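Here's the letter readout for the chains.
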Amino acid sequence: MTTVNDDATSSDWDGRYYHVDQVLNTPGPRTEDSFQAGDAVKDFLRNQCKILVIGAGGLGCEILANLALTGFKDIHVIDMDTIDISNLNRQFLFRPKDVGNPKALVAAEFIMQRVPGVKVTPYFGKIQDKDEDYYLQFNIIVCGLDSVEARRWINATLVNMVDEENPESLKPLIDGGTEGFKGQARVILPTISSCYECSLDMLNKPTAFPICTIANTPRLPEHCIEWASVLEWPRVHGEKKLDTDDPEHIGWLYNTALTRAKEFKIEGVTWSLTQGVVKNIIPAIASTNAIIAASCCNEAFKIATSSAAFLNNYFMLIGTEGVYSYTFEHEKRKECPVCGGESLDITISKEWTVERLIEMLVEKQDIQIKKPSLSSGIKQIYFQAPPQLEQATRPNLEKKVSELVEDGGEVTVTSSTLPFNLSLRIKYT
Amino acid sequence: MIKIWSMKKSEDAAAKRKPKTSAAQIRVQKDLTELELPETMKTNFPDANDLLNFTLTITPDEGMYKGGSFTFSFAINTNYPHEPPKVKCIPKIYHPNVDLDGNVCLNILREDWKPVLNLNSVMVGLQYLFLEPNADDPLNKEAAEELRRNREQFIYNVRQAMRGNSVKAIQYDRVSAL
Ligand SMILES: [Zn+2]
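Just so it is clear, the model here is predicted, and its values are computed rather than measured.

**Student:** Could you give me a rundown of the overall build of chain A, with the residues and numbers involved?
**Tutor:** For chain A, the helix and strand inventory stands at 14 helices and 13 strands. Its C-alpha atoms give chain A principal-axis dimensions of roughly 75 × 70 × 35 Å. When the 429 residues of chain A are sorted by exposure, 53% land in the buried category. Partitioning the intrachain contacts of chain A with sequence separation of at least 6 by distance along the chain shows that 62% fall at a separation of at least 24. Carbon together with sulfur atoms contributes 50% to the accessible area of chain A, which is approximately 20,300 Å² in total.

**Student:** Can you tell me about the coordination of the zinc ion, naming the residues and giving the values?
**Tutor:** Residue and element names in this part refer to chain A. For the zinc ion, the full set of protein donor atoms is Cys195 (SG), Cys198 (SG), Cys336 (SG) and Cys339 (SG), at a range of 2.2 to 2.3 Å. One can describe the site at the zinc ion as tetrahedral: its 4 donor atoms subtend angles covering 95 to 117° at the metal. Read in sequence order, the donor residues for the zinc ion give the motif C-x2-C-x137-C-x2-C. Of this pair, Cys198 sits in the loop between strand 6 (182-188) and helix 7 (211-216) while Cys336 sits in the loop between strand 8 (324-328) and strand 9 (342-348), and the two are 138 residues apart along the sequence. With respect to class, Cys198 is no different from Cys336; both count as buried.

**Student:** Quick one: what's the story with the state of the cysteines, residue by residue and with numbers?
**Tutor:** In protein chemistry, a disulfide is the covalent bond that joins the sulfur atoms of two cysteines. As enumerated under the stated definition, the model contains 1 disulfide over all chains in all. Two residues share a disulfide in this structure: A:Cys212 and B:Cys105, whose sulfurs sit 2.5 Å from each other. In this pair, A:Cys212 sits in helix 7 while B:Cys105 sits in the loop between strand 4 (86-89) and helix 3 (119-131), so the two residues belong to two different chains. The burial state of A:Cys212 is the same as that of B:Cys105; both residues are buried. Counting only cysteine sulfurs, A:Cys296 is the nearest neighbor of A:Cys143, a cysteine outside any disulfide, at a range of 9.0 Å.

**Student:** Kindly report on the domain arrangement of chain A, identifying the contributing residues and their values.
**Tutor:** Under the domain assignment used here, chain A contains domain 1 (10-203 + 284-328), domain 2 (211-279) and domain 3 (344-428). On a C-alpha basis, the centres of domain 2 of chain A and domain 3 of chain A stand 47 Å from each other.

**Student:** Tell me what's going on with helix 9 (residues 247-263) of chain A, and back it up with residues and numbers.
**Tutor:** Given 3.6 residues to a turn, an α-helix orients residues that are three or four positions apart in the same direction. Residues and elements named next belong to chain A. Look at helix 9: 24 Å from first C-alpha to last across 17 residues, which is about the 24 Å you get at 1.5 Å a residue. Those residues of helix 9 that sit buried are His249, Ile250, Gly251, Leu253, Thr256, Ala257, Arg260 and Ala261. Buried positions along helix 9 lie against helix 7, helix 8 (221-237) and helix 10 (271-278). Here helix 9 starts with a cap whose side-chain oxygen sits 2.8 Å from the backbone nitrogen of Glu248, and that cap is Asp246. The first or second residue beyond helix 9 is Lys265, which carries a positive phi of 55°.

**Student:** I'd like a description of the interface of chain B and chain A, backed by residues and values.
**Tutor:** At the interface, 53 residues of chain B touch 76 residues of chain A. Summed over both sides, the interface of chain B with chain A buries roughly 5,700 Å², with 57% coming from carbon and sulfur. Viewed at the interface, chain A and chain B are joined by 1 salt bridge. The residue B:Arg110 makes a salt bridge to A:Glu226 at a minimum N-O spacing of 2.5 Å. If you look at where chain B meets chain A, you find 16 residue pairs in polar contact (both at pLDDT 80 or more). Mapped onto the side of chain B that touches chain A, the elements with two or more residues apiece are helix 1 (4-11), helix 2 (23-33) and strand 1 (41-44) of chain B.

**Student:** Any chance you could break down the pairing of strand 2 (residues 53-58) of chain B for me, citing the residues and the numbers?
**Tutor:** All names here are of chain B. Where burial is concerned, most of strand 2 is hidden: 5 out of the 6 residues are buried. Strand direction decides the pairing type here: strand 1 and strand 2, joined by 4 bridges, are antiparallel. Across the sheet, residue Thr43 finds its bridge partner in strand 2, namely Leu56. Relative to strand 3 (residues 70-75), strand 2 runs antiparallel, the two sharing 6 bridges. Opposite Ile58, over in strand 3, you have Phe70 as the bridge partner.

**Student:** Could you give an account of the UniProt feature "domain: UBC core" (unreviewed entry) in chain B, with specific residues and numbers?
**Tutor:** Here the UniProt-annotated "domain: UBC core" (unreviewed entry) positions come out as residues 23-167 of chain B. For the annotated span residues 23-167 of chain B, helix accounts for 31% and strand for 15% of the residues, and the straight-line distance between the end C-alpha atoms is 45 Å.

Cut-offs and rules
Residues numbered from 1 in each chain as written. Chains lettered and ligands numbered in written order. Predicted model: local features only at pLDDT ≥ 70, side-chain atom pairs only at ≥ 80, totals over all residues. Heavy atoms only, no water. Helix = DSSP H or I, 4+ residues; strand = E, 2+ residues; numbered from the N terminus. Buried < 20%, exposed > 50% of the residue type's maximum accessible area, 1.4 Å probe, protein only. Contact = heavy atoms within 4.5 Å. Areas by Shrake-Rupley, 256 points an atom, 1.4 Å probe, with all protein chains shown as cover. Donors = N, O, S within 2.8 Å, 3.2 Å for Na, K, Ca; no water. Tetrahedral: all angles 85-135°; square planar, octahedral: opposite > 155°, others 65-115°. Disulfide = S-S within 2.5 Å. Domains from an automatic or database assignment. Expected span 1.5 Å × (residues − 1). Polar contact = N/O pair within 3.5 Å; in protein donor to acceptor, adjacent residues only side chain to side chain. Buried area = accessible area lost by both parts, 1.4 Å probe. Salt bridge = Lys/Arg side-chain N within 4 Å of Asp/Glu carboxyl O. Pairing = 2+ DSSP bridges. UniProt positions renumbered as here; feature names shortened; annotations may be inferred.

Okay, here's the thing in structure tokens:
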């Protein structure tokens, strides 16, 4: 029986890292100049490097196990979900007795029991609960999420965090994602390389059927389920929102879809298909998760140790017919709302009105801006259109900028002549 | 640990600090402030501080629906433009592509939505539905059937419905001052 020991060095028995050390003891032809072979790099990996794993589901379980076994010892994990019985086929850190418990806590406990000397700090909750100070403490962040929204959030947060005066504010983000037999792993260096938002249009859209097909000419069980959720639910329940995690709601959809399917002589409406369609679930494949997680952890290891060149920057796996993979450099998009656009520091007098500021922007030769609209946070300062908002914000033109924006505050400027937006940081003399 | 910061210095000296506004919010600001709507379309914001929930009123100046005033609700969520805006027709109208609950059959609102599309594309698409109602994508089957079978009768029904009268035992909302 192995006993857990918090002291990292004393639990490192002889030969524990024999294989990993082959890579770390000596430089190779592909190692970077900054690579410090031997004790220095091992000390960083095992005693200093702090890594955050977002998501403890299908990908997260694999990622946590891989990181712990490669020698990362200070691992943090965030997940907002609890364990469902349907997770157990692939989320191998969980057992039937864990059903109903938070994934982050159970996963952390499991890894610590199994891999001596590794400390896993769980947080059961949302990534949005944490602020910049929290994310600043990590060296690397690895994401194994299934939600587009959560990824957009963490991506934007890490890009925003980059502070010109603080090199430590730039955190490499390794993002893994899978969908059935397809998956991707990518390395995002916020503000340097293409970000998650840059590639948003590459995402597979959830399949949506034309609403008239659903309404009139259903042919597939999916059409009946969409009819129940898109058309019947709001008609029958009015304002009440559909909660796809509520078994009663799913039950209602299932029965409604089943009745319709009978009417049109369509077979195949089942409870799990209903759940799958409304939650847009694509069956999770354990081996896809394993490949993508391995790739993510390989990148984390290379970035943490500089032992080899890391992925630049997008690895794509397509396992639908045979096994095909493709690696390419996804390029930054100039009009990306998160990492694209221009940013400008300007210093103006406390007495300047909004109108004066707008005149200055229009006259500025280097930015070529026409008819700018300005906001600060979610507060509108001046909008050129539509007419109602132009009218509502017009009184602000005569107000002093300093009444609306604090010293050092940010102003978002959009204009049809800008590819996306311009961000101003305002300082007062 | 790799020296990322040095890569940054060599790559790009310009500061890229972004505001704390969400990408969806900035995108909606951009979409709205660059709207170029014809006289026949007007937006209305019940709460001027809430850019994500508003209405659009279309008053066609030609075609079978001329003289009517059709208001649609727009609800945009934080996943915009990954997801399309949710659009519903508020009054109960007689139209082959709009059902009695206000659902609208417009491809770019569902299966053909792409993040490169914007609010202007959706609004133009909605206006087009009143100029060219389409009998091939029916949501109101009766109306579609009528349009296909007897255009004169269909136009008459549209007129009746816009005045708030019944068509085939269904009472519609009055959307016309005529
Ligand atoms: Zn970007």
